[in-house]
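These are the residues of each chain, in order.
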Amino acid sequence: MWLILNPGLLTERVLPLPEGLTTIGRAEENSVYVPNASLSRRHAQLERQGEQIVLVDLKSKNGTFVDEARVERQVLRAGAAFRCGEVSFKLMRPASEPKPTYTQELQTRFSPGDMEELLLGTHTQGNSVLKLRQAPPSDGRAAEKLQVLLKVSQLLSSLGPIDELLERIIQLVFRILEVDRAAIFLVDPSDGTLRPRVARLSSGEVPSGDFYSHQIIEYVRTRSVAALFADALQDPRLEGASSVMVQSIHASMCVPLKPHDEVLGVLYVDNLSQSNRFTEEDLEFLTAFANQAAIALESSMLSQRLAEEAVLRNTYLRFFPATVIKKLQSTRGAPLERVATEVTVLFSDISGFTSLSSRLDPLQVMDLLNEYFPVMAEIVFRHEGTLEKYIGDALMAIWGAPFPQPDDADRALRAAVEMQHALARLNARWRTEGKPELQIHIGLNTGRVAAGNIGSEHYLQYATIGDATNVASRVCSAASDGEICIAEVTFQRCEERSWPLERLPPVQVKGKQEPLTLYRVDWSAAPAR
């Protein structure tokens, strides 16, 4: 499903709508960040479960509207439009890639024609290696070069894989210039070195080995200048460059690929048979050509990076709050490597769920869970916890991984209390709608675990493994309907202790020889100030 922001306007954006919660607001931690003054910091959210999408207003100041009627909660279908404050949105099915609705093709007499109309079929000998068609020697020739560059910009404008773009650039070099060899080098961001990415002979074959001069490409890269070596064998700048002699380089041009201040790489061409083959006009044109190529390359790199971040974000959206996702994107997911760490684990289970499932239709049960789980997940994320998994009707969340915080135990306890209060509000609404009410029991435990990605190449899940998670499940089982119980270690880690805590008699649980010391949280009492 796609979410269209500002449909029909020049500021239109097309965003994927993943499963689960998508928040909209003026604060940067939202899934959809819109810096518009009419939006609240956390304005609204979309709850998606398959094809079912529910729009929920988060008590925004300027309201959320469907068909110009202000709504608090509204089920939406594909094609539905809604408005948050003054910002419009629209839902679209993924049957086809959504296209902008505000553009149309525009042809004028200044639009470049086909490349074949701009270039000569065969190159005629002359001072320049440009294959321009016959034109007057002054203004007409300049216009012809501009037309070629406009066409180059058009041919390189479509986004796609970087390797495909590099191939298009090289092919255009040979179509436009009479050169023997050409190559593109890109800067490797990992170590800052230039590495060849694509190289061709004029015949279209891939050359064997390094045919270029390392001294030439480093000269251009380090100085960030376009350079013409009309007679490479005699050029004092290349004194001592053995590759010039070994590779029989008579003339060469090399220009930086530099869309702005940063050099992304260099474009290199040479001639093997004739010195003084290239002119200043050729270097000027190649520089302009390289500028167009660099802009296209930068756009392609940005598109690839955004695509990777979108995949990363959609994958992590199931587990982590927006603040954690932002950190993971800045570190390229490095903290998800396997580590041993201390976490506070929260287990929440629906009381009597088996009996409830036997009385209701399966679709009713699913609808109930689809209302219940998004509310609980949002609470976990609000307190910066990691939503590890759903286990049937149970929910498991952790605090302390992938990024630990000094008050993880307090955050987990606050989340547990808020869950109970949120369920009370849900029950009040369900009661008016004639739906069954739920009770949950929650258990918290703190301990050491191994945390990190587990699974196969095609399906990864962030998980914690260790006895601390098992004990948290046992603590949850020991809690009665509507109760929150915490283990001794969690009690010691909590510094706020905002709610009354009652120490319970030792509890024997499955899998443990020694009984557990547990504390019951009086979550219904007002927190201490």
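Since the structure is predicted, the reported quantities are computational estimates derived from the model, not experimental observations.

Caption draft 1: The overall build of the chain, seen in detail. Assigned secondary structure in the chain consists of twelve helices and 24 strands. Here the chain holds 529 residues, and 47% of them are scored as buried. When contacts within the chain are restricted to residue pairs at least 6 apart in sequence, those whose partners lie at least 24 apart make up 60%. Accessible surface computed for the chain: about 26900 Å², of which carbon and sulfur atoms make up 51%.

Caption draft 2: Local environment of the packing of helix H9 (residues 362-382) against helix H10 (residues 408-433). At a closest axis distance of 10 Å, the pairing of H9 and H10 adopts a crossing angle of 150 degrees. Accordingly, the angle class assigned to the pair H9 and H10 is roughly antiparallel. Judged by the sense of rotation from one axis to the other, the crossing of H9 with H10 is right-handed. For the pair formed by H9 and H10, the contact residues are Leu368, Glu371, Tyr372, Val375, Met376, Ile379, Val380 and Arg382 on the first element and Ala415, Glu418, Met419, Ala422, Leu423, Leu426, Arg429 and Trp430 on the second. When grouped by side-chain class, the residues that make up the contact of H9 with H10 number twelve nonpolar, no polar and four charged.

Caption draft 3: Structural view of the environment of leucine 155. Positionally, leucine 155 belongs in helix H2 (residues 139-155). Through-space distance from the C-alpha of leucine 155 to that of leucine 165 is 9.7 Å; in sequence the pair is ten residues apart.

Caption draft 4: Structural view of the sheet that holds strand S6 (residues 52-57). Read from one edge of the open sheet, five strands run S4-S3-S5-S6-S9, paired in mixed fashion. One side of each edge strand has no neighbouring strand; the edge strands of this open sheet are strand S4 (32-33) and strand S9 (73-76). With six bridges joining them, strand S5 (residues 44-49) and S6 adopt antiparallel strand pairing. Bridge pairing in S6 links glutamate 47 to valine 54. Seen against the sheet, H9 touches strand S3 (20-25), S5, S6 and S9 and runs at an angle of roughly 135 degrees to S5.

Caption draft 5: Seen up close, the environment of arginine 474. Along the chain, arginine 474 turns up in helix H11 (residues 467-478). Since its relative accessible area comes to 29%, arginine 474 is described here as partly exposed. Along the backbone, arginine 474 and valine 507 are 33 residues apart, and their C-alpha atoms lie at a distance of 9.9 Å. For arginine 474, the contacting residues outside a window of four places in its chain are Val509 and Lys510.

Caption draft 6: Expanded view of the environment of proline 506. As for its position among the elements, proline 506 is in the loop between strand S23 (501-503) and strand S24 (518-521). Proline 506 gets classed as exposed once you look at its relative accessible area, which sits at 62%. Residue contacts for proline 506: discarding those within four places in its chain leaves Pro515 and Leu516.

Caption draft 7: Molecular detail of the sheet that holds strand S10 (residues 81-84). If you walk across this open sheet you meet the six strands as S2-S1-S11-S10-S7-S8, and the pairing is antiparallel. With one partner strand each, in any of the chains shown, strand S2 (13-16) and strand S8 (69-71) form the two edges of the open sheet. Looking at each pair of strands side by side, their axes are set apart by 30 degrees on average, direction ignored. Pairing analysis gives four bridges linking strand S1 (residues 2-5) to S2, with the strands arranged antiparallel. Counterpart to tryptophan 2 in the pairing with S2 is proline 16.

Caption draft 8: Region of interest: H10. Helix length check: H10 (26 residues) gives 37 Å between terminal C-alpha atoms against 38 Å at 1.5 Å per residue, within 8%. Two residues or fewer past H10, glycine 434 is found with a positive phi of approximately 75 degrees.

Caption draft 9: Region of the structure containing unusual backbone geometry. Look at the link from alanine 401 to proline 402: it is a cis peptide, with omega at 5 degrees. For proline 402, the position within the fold is in the loop between strand S19 (394-399) and H10. With a phi close to 45 degrees, arginine 497 is a non-glycine residue in the positive phi region. Relative to the assigned elements, arginine 497 resides in the loop between helix H12 (488-493) and S23. You can call arginine 497 partly exposed: its relative accessible area is 37%.

Caption draft 10: Broad picture of the pattern of salt bridges. Taken as a whole and judged by the stated rule, the model has 25 salt bridges. As a salt-bridge pair, aspartate 163 and arginine 197 come within 2.7 Å of each other at their nearest N and O atoms. Linking aspartate 163 in helix H3 (residues 162-176) with arginine 197 in strand S13 (residues 194-201), this pair joins segments that are 34 residues apart in sequence. The residue glutamate 371 makes a salt bridge to arginine 429 at a minimum N-O spacing of 3.2 Å. In this pair, glutamate 371 is assigned in helix H9 and arginine 429 in helix H10, connecting sequence segments 58 residues apart. One salt-bridge network, held together by shared partners, links Glu384, Asp407, Arg411, Arg414 and Glu496.

Rules of the game
The residue count restarts for each chain, going from 1 along the sequence in the order it is written. Given that the model is predicted, a residue must reach a pLDDT of at least 70 before its local features are reported, and side-chain atom pairs must reach 80 or more before they are shown or counted; all residues, however, enter totals for whole chains, interfaces and linings. Just so you know, side-chain values use all the structure's heavy atoms and leave hydrogens and water out. Labels follow the DSSP assignment, with helices taken as runs of H or I lasting at least four residues and strands as runs of E lasting at least two, numbered in each case from the N terminus. Throughout, exposure labels follow a simple rule: accessible area from a 1.4 Å probe, protein chains only, divided by the maximum for the residue type, with under 20% read as buried, over 50% as exposed, and the rest as partly exposed. Any two residues having at least one pair of non-hydrogen atoms within 4.5 Å are treated as being in contact. In these tables, accessible area is a Shrake-Rupley quantity obtained with a 1.4 Å probe, and a residue counts as shielded only by the protein chains included in the view. Convention adopted: a line fitted to C-alpha atoms gives each axis, helices being fitted over their contacting stretch, and angles between N-to-C directions are expressed from 0 to 180 degrees. Roughly parallel covers angles under 35 degrees, roughly antiparallel covers those over 145, roughly perpendicular covers 65 to 115, and oblique covers all other angles. By definition, any crossing whose near helix is turned counterclockwise from its far helix by less than a right angle is left-handed, and any crossing with a clockwise turn is right-handed. In this classification, the charged set is Asp, Glu, Lys and Arg, the nonpolar set is Ala, Val, Leu, Ile, Met, Phe, Trp, Tyr, Cys and Pro, and all remaining amino acids, among them Gly, are polar. Note on pairing: two strands pair once DSSP finds at least 2 bridges between them. Each residue after the first adds 1.5 Å to the expected span of a helix. Throughout this description, the term salt bridge denotes a Lys or Arg side-chain nitrogen within 4 Å of a carboxyl oxygen of Asp or Glu.

Scope: geometric values only; no functional claims are made or implied.
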